[in-house]
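# Geometric and topological summary
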Amino acid sequence: MNIILTGDRPTGRLHLGHYVGSLRRRVELQNSGTFDEIYIMIADAQALTDNAENPEKIRENVLEVALDNLSAGLDPEKTALFIQSGVPALTELCFYYTNLVTVARLQRNPTVKTEIKMRGFESSIPVGFFNYPISQAADITAFDATVVPVGEDQLPMLEQCVEIVHKFNAVYGETLVMPKALLPETEAGMRLPGLDGSAKMSKSLGNCIYLTDLPEEVRKKVMSMFTDPNHLRVEDPGTVEGNPVFTYLDAFSKTEHFARFLPEYENLDAMKAHYRRGGLGDVKVKRFLINVLEDMLTPIRERRRYWESRLPEVISYLEESTKIASRKADQTVRRVRAAMRINYFEGDAFLKEAIERYPTA
Ligand code: TRP
């Protein structure tokens with residue numbers, strides 16, 4: 001079986017960084033026809049681990065993230081898009097897995113370390129937050145996921161999951177399926193820089209283009225983008241490396257865009273060569289980038305309008321998917337309980353042993 005599980009925390013609308021790093025990929029994987037089951041999880045329970053006092057924010061973004069996924073091309077016929085908190089079996093798996101992980105091991109998880117700093121949790125870490133790598137291992141194993149498409153930042157979570165699977169199978173016998181991370185193929189997919197040139201597009205830095213941005217917002221944002229600070233006059237030679245406008249073109253432009261929007265260049269390499277030589281102005285590059293982004297965003301906006309006019313259908317899709325996901329995770333829990341021999345009332349093994357041990361009965 002080839003099974004995908006991945007997910008997003010619903011803490012805000014999704015932006016181009018999410019699109020290039022994960023949404024586009026998951027839609028390609030979905031349409032490749034090589035997977036037997038595909039689960040995309042809206043990780044509301046995980047989002048609550050660092051938003052405990054702000055549940056409304058998470059609740060409001062559940063539907064936004066669902067619509068973002070659908071507008072990127074997620075197909076309800078092929079993919080189950082479900083809400084994490086609606087799958088109670090995940091908490092049970094997590095409870096058993098916590099016994100297989102040490103506090104020291106969690107403290108060494110680099111993603112957790114960075115996030116603790118970012119959130120100012122140094123002196124008082126919420127237990128649920130500290131525990132979320134274990135809960136993420138439950139998410140992955142509950143679905144027998146073989147492939148987990150994620151960004152680079154999630155690799156420590158996958159490692160932790162792999163260790164839990166090893167340990168569980170070693171202690172209780174071959175039970176859990178070993179997952180594999182699937183990383184983005186391109187550098188821009190790994191980490192799309194922000195409009196301001198900072199390393200990452202991120203909501204908290206306010207340097208994002210959202211999938212829901214209108215053409216006028218996209219235009220303004222691109223025009224204000226950071227480029228090569230030494231490229232002051234059009235004639236000056238410019239630098240392409242680390243220049244976010246070119247990183248975005250690496251991520252989003254196709255050769256056919258040149259024929260359609262800027263036929264004086266055959267392809268991106270030709271355009272980059274001209275920029276490096278000098279004589280190509282930032283405004284021209286940015287205008288081209290706007291065309292490229294609009295070409296990509298237009299069908300996304302259209303699909304979004306389609307689904308926004310069918311909200312009851314979206315909600316019942318989420319509900320149906322959550323039921324499907326819950327049934328699947330329940331099967332895994334049953335397998336796990338059997339492996340751990342805590343499935344007391346299944347079959348008569350418990351009774352037989354009891355009788356043997358208490359021959360007077
Ligand atoms: N931690 C992921 C993120 O912040 C979301 C997530 C939760 C996830 N459970 C998962 C991703 C399981 C992959 C597999 O984006």
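On to the overall build of the chain, then. Tallying secondary structure elements over the chain gives 17 helices and five strands in all. Judged by the C-alpha coordinates and their principal axes, the chain covers about 100 × 45 × 35 Å. Within the chain, the proportion of its 361 residues that are buried is 50%. Looking at the chain alone, contacts between residues at least 24 apart form 76% of all its contacts between residues at least 6 apart.

Time to look at helix α4 (residues 89–97). What α4 keeps buried is the set Ala-89, Leu-90, Leu-93, Cys-94, Tyr-96 and Tyr-97. Projection of α4 onto a plane perpendicular to its axis shows the buried side chains occupying an angular sector of 160 degrees, all on one side. Across α4 from its buried face, at more than 90 degrees, point the exposed residues Thr-91 and Phe-95.

All chains considered together, the criterion is met by 14 aromatic pairs. Arranged with centres 6.0 Å apart and planes meeting at 70 degrees, the rings of Tyr-97 and Phe-168 form a pair that is edge-to-face. Linking Tyr-97 in helix α4 with Phe-168 in helix α9 (residues 155–172), this pair joins segments that are 71 residues apart in sequence. Of the two residues, Tyr-97 and Phe-168, both sit in the buried class. Through successive ring pairs, a cluster of aromatic residues spans Tyr-39, Phe-82 and Phe-143. Seen from the ring of Tyr-132, Arg-9 lies directly overhead, with NZ or CZ sitting 4.6 Å from the centre.

Turning our attention to the domain arrangement of the chain. According to the domain assignment, the chain consists of domain 1 (3–191 + 311–353) and domain 2 (215–307). On the side of domain 2, 10 residues touch domain 1, which itself brings 16 residues to the contact. Taken together, both faces of the contact between domain 1 and domain 2 bury some 1,200 Å²; the carbon and sulfur share is 66%. In this assembly, domain 1 and domain 2 are joined by two salt bridges. Residue Asp-68 pairs with Arg-304 through a salt bridge whose shortest N-O separation is 2.6 Å. Taken together, domain 1 and domain 2 are joined by five residue pairs in polar contact (both at pLDDT 80 or more). A per-element tally of the side of domain 1 that touches domain 2 places helix α3 (residues 55–72) first, with six residues. Broken down by class, the residue content of the side of domain 1 that touches domain 2 amounts to 10 nonpolar, two polar and four charged.

A separate point is the environment of Thr-332. Following the sequence through the fold, Thr-332 ends up in helix α16 (residues 311–340). Sequence spacing of Thr-332 and Ala-138 is 194 residues, and the spatial spacing of their C-alpha atoms is 10.0 Å. Beyond its immediate stretch of four places on either side in the chain, Thr-332 contacts Leu-93, Thr-141, Ala-142 and Asp-144.

With that settled, the discussion passes to the site of the ligand. Looking at the ligand, there are 13 residues lining it, with Met-41, Gln-46, Gln-136, Asp-139 and Gln-154 nearest. Interatomic distance of 2.7 Å between a side-chain N/O atom of Gln-46 and a nitrogen atom of the ligand. One of the side-chain nitrogen or oxygen atoms of Asp-139 is found 2.8 Å away from a nitrogen atom of the ligand. Coverage of the ligand by the protein chains reaches 89% of its 360 Å² of free accessible surface. Using a 2 Å cut-off from the grid points, one finds that the ligand occupies the largest pocket. By residue class, the composition of the shell around the ligand is six nonpolar, five polar and two charged.

This paragraph deals with helix α8 (residues 132–142). With 11 of its 11 residues buried, α8 lies for the most part within the structure. Every buried residue of α8 is accounted for by Tyr-132, Pro-133, Ile-134, Ser-135, Gln-136, Ala-137, Ala-138, Asp-139, Ile-140, Thr-141 and Ala-142. Of the residues flanking the end of α8, it is Asp-144, one or two places downstream, whose phi is positive at about 55 degrees.

Time to look at the environment of Leu-23. With respect to the secondary-structure elements, Leu-23 resides in helix α1 (residues 16–32). With 45 residues separating them in the primary sequence, Leu-23 and Asp-68 have C-alpha atoms 8.7 Å apart. Those residues in contact with Leu-23 that lie beyond four places of it in its chain are Leu-14, His-18, Asp-68, Asn-69, Ala-72 and Leu-211.

The calculated volume of the largest pocket comes to roughly 1,600 Å³. Elements represented by at least two residues in the lining of the largest pocket include exactly β1 (3–8), α1, α6 (110–118), α8, β4 (147–149) and α10 (187–190). For the lining of the largest pocket, the element with the most residues is α1, which contributes five residues. Of the residues that constitute the lining of the largest pocket, the class distribution is 15 nonpolar, 19 polar and 14 charged.

About the thresholds
- Residues numbered from 1 in each chain as written.
- Predicted model: local features only at pLDDT ≥ 70, side-chain atom pairs only at ≥ 80, totals over all residues.
- Heavy atoms only, no water.
- Helix = DSSP H or I, 4+ residues; strand = E, 2+ residues; numbered from the N terminus.
- Buried < 20%, exposed > 50% of the residue type's maximum accessible area, 1.4 Å probe, protein only.
- Contact = heavy atoms within 4.5 Å.
- Arc of directions from axis to C-beta.
- Phe/Tyr/Trp six-rings, centres within 6.5 Å; stacked < 30°, edge-to-face > 60°.
- Lys NZ or Arg CZ within 6 Å of the ring centre and 35° of its normal.
- Domains from an automatic or database assignment.
- Buried area = accessible area lost by both parts, 1.4 Å probe.
- Salt bridge = Lys/Arg side-chain N within 4 Å of Asp/Glu carboxyl O.
- Polar contact = N/O pair within 3.5 Å; in protein donor to acceptor, adjacent residues only side chain to side chain.
- Nonpolar A, V, L, I, M, F, W, Y, C, P; charged D, E, K, R; others polar.
- Near = heavy atom within 4 Å.
- Areas by Shrake-Rupley, 256 points an atom, 1.4 Å probe, with all protein chains shown as cover.
- 1 Å grid on protein atoms, 1.4 Å probe; cavity = no way out; pocket = protein on both sides within 12 Å on 5 of 7 lines; lining within 4 Å.
- Sits in = over half its atoms within 2 Å of the grid points.
- Points joined across faces, edges and corners; volume = space filled by probe spheres on them.

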